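Listed here are the chains, written in short residue letters.
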Amino acid sequence: MTGPAGQPTRQQIAAEVLLAVRGESGLPAVTVAALVTWFEAEGGAGPQWGVAGNVADYNPLNTTRVWPGSRPTPGNDPPVQAYPSWEVGIAATVATIDQPNMAPIAAALRAGCDCAELAAAVAATPWGTGDFSGDCAPAPSPPPPPPPTPDPTVVPDPTPRAPPAAPTPEVFDVSTLKTVSQQSPGPGVVDSTVASLQAVLAGKWHQGIAIDGRYGPDTALAVENVQRFMSLAVDGICGPQTWPVVLQLGG
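Worth saying up front: this structure is predicted, and the values here are computed from it rather than measured.

## Thoughts on the packing of helix 5 (residues 103-110) against helix 6 (residues 115-123)
Part 1 of the reasoning: Relative orientation of the contacting elements helix 5 and helix 6 amounts to 165°, with a least axis distance of 7 Å. One element, helix 5, and the other, helix 6, form an angle in the roughly antiparallel class. The way helix 5 lies across helix 6 gives a crossing that is right-handed. Residues Pro104, Ile105, Ala108 and Leu109 of helix 5 pack against Leu118, Ala121 and Val122 of helix 6.

See below:
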């Protein structure tokens, strides 16, 4: 960033140029940084900043503007000028930027442009710098938005909320049982007929069994209790003799 000892940095010269172009203090740091990137892309002021192959003294942007005390350097037509001091080089640089055909650059600098915007402005003029937008540092990410401020006018509802109701278990329609009364569910059967039988045994005969559609030992025992109470053959099977009794006489 610097050349021989005692030379100003690119940032310092960029601030001087920007101050002269804008005519006011309060220089945007992003625009100073953009000018530094342009300086580096041009590679001017070689003897001051240690740029090999460049002999344009005190000329940060390799301008060809002839100025009192300037001298041409070889290798360009029109020739890039070398200036006798930073004061002269800055004045010649600002005068070049203020030319009508360089208006996009002056407008961007006065607007406080960033690096990409300055690169686009330079590309729109005959200055001759190659595209240096790829040398621009990525723009910092914007900070996350602050969390929303609670509305002081909104009062939380203190009313306790009841927990959601448990799903209502399926209820068997006892009126449909007579349509299956000729079936004979027995131990090991698993179907809706068994669930219907269990519903009647639990409801009308007050047998403490689960209604799960499985004809297990508890269901068989409940059938035996009814058979024994009604003086039927006790076998735990709800056959043709037991079904009508279970349906009609329970409770």
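More follows now that the structure is in view.
## Quick notes on the pattern of salt bridges
Part 1 of the reasoning: Applying the stated criterion to the full structure yields two salt bridges.
Part 2 of the reasoning: Between Arg110 and Asp98 there is a salt bridge whose closest N-O contact spans 2.9 Å. Placement of Arg110 in helix 5 and of Asp98 in the loop between helix 4 (86-97) and helix 5 is noted, with a sequence separation of twelve residues between them.
Part 3 of the reasoning: Judged by its relative accessible area of 41%, Asp98 is partly exposed.

## Overview of the state of the cysteines
Part 1 of the reasoning: Enumeration according to the criterion identifies one disulfide in this entry.
Part 2 of the reasoning: Across the disulfide, Cys115 is cross-linked to Cys136 (sulfur-sulfur distance 2.0 Å). Measuring handedness by torsion sign, the sulfur bridge of Cys115 and Cys136 sits at about -70° and is left-handed. You can see Cys115 sitting in helix 6 and its partner Cys136 sitting in the loop between helix 6 and helix 7 (192-203), a full 21 residues away along the chain. Each member of the pair Cys115 and Cys136 is classed as buried.
Part 3 of the reasoning: Here Cys113 stays free of any disulfide, with the sulfur of Cys115 as its closest cysteine sulfur at 8.5 Å.

## Here we look at the packing of helix 1 (residues 10-22) against helix 5
Part 1 of the reasoning: Look at helix 1 against helix 5: their axes get within 9 Å of each other, and the N-to-C directions meet at 100°. As far as their axial angle goes, helix 5 and helix 1 are roughly perpendicular. Seen from helix 1, the contacting residues are Leu18, Val21 and Arg22; seen from helix 5, they are Ala106, Leu109 and Arg110.
Part 2 of the reasoning: Looking at side-chain class alone, the contact of helix 1 with helix 5 contains four nonpolar, no polar and two charged residues.

## Looking at the confidence of the model for the protein chain
Part 1 of the reasoning: Per-residue pLDDT for the protein chain has a mean of 84; in total, 82% of the residues score no lower than 70.
Part 2 of the reasoning: Below pLDDT 50 for its whole length, residues 168-182 participates in eleven contacts with residues either more than four positions away or in separate chains.

## Considerations on the packing of aromatic side chains
Part 1 of the reasoning: All told, the structure shown has five aromatic pairs when counted by the stated rule.
Part 2 of the reasoning: Ring centres of Trp38 and Trp127 lie 5.0 Å apart, and the angle between their planes is 65°; on these two criteria the pair is classed as edge-to-face. Of the two residues, Trp38 is situated in helix 2 (residues 29-42) and Trp127 in the loop between helix 6 and helix 7; the sequence distance between them amounts to 89 residues.
Part 3 of the reasoning: Among the aromatic side chains, those forming a connected cluster through ring pairs are Phe39, Trp49, Tyr58 and Trp86.

## Topic: the nonpolar core
Part 1 of the reasoning: Val17, Leu35, Trp38, Ile105, Leu109 and Leu118 are the most contacted members of the largest nonpolar core, which totals 36 residues.
Part 2 of the reasoning: At the level of elements, helix 1, helix 2, helix 4, helix 5 and helix 6 are the ones that each hand at least two residues to this core.
Part 3 of the reasoning: Counting residues in hydrophobic clusters, the runner-up holds 16 residues, among them Val200, Ile209, Trp243 and Val245.

Procedures and definitions
- Residues numbered from 1 in each chain as written.
- Predicted model: local features only at pLDDT ≥ 70, side-chain atom pairs only at ≥ 80, totals over all residues.
- Heavy atoms only, no water.
- Axes fitted to C-alpha atoms, helices over the stretch in contact; angles between N-to-C directions.
- Helix = DSSP H or I, 4+ residues; strand = E, 2+ residues; numbered from the N terminus.
- Parallel < 35°, antiparallel > 145°, perpendicular 65-115°, else oblique.
- Left-handed = near helix turned anticlockwise from the far one by under 90°.
- Contact = heavy atoms within 4.5 Å.
- Salt bridge = Lys/Arg side-chain N within 4 Å of Asp/Glu carboxyl O.
- Buried < 20%, exposed > 50% of the residue type's maximum accessible area, 1.4 Å probe, protein only.
- Disulfide = S-S within 2.5 Å.
- Nonpolar A, V, L, I, M, F, W, Y, C, P; charged D, E, K, R; others polar.
- pLDDT = per-residue confidence, 0-100.
- Phe/Tyr/Trp six-rings, centres within 6.5 Å; stacked < 30°, edge-to-face > 60°.
- Core = buried A, V, L, I, M, F, W, Y, C linked by side-chain atoms within 4.5 Å.

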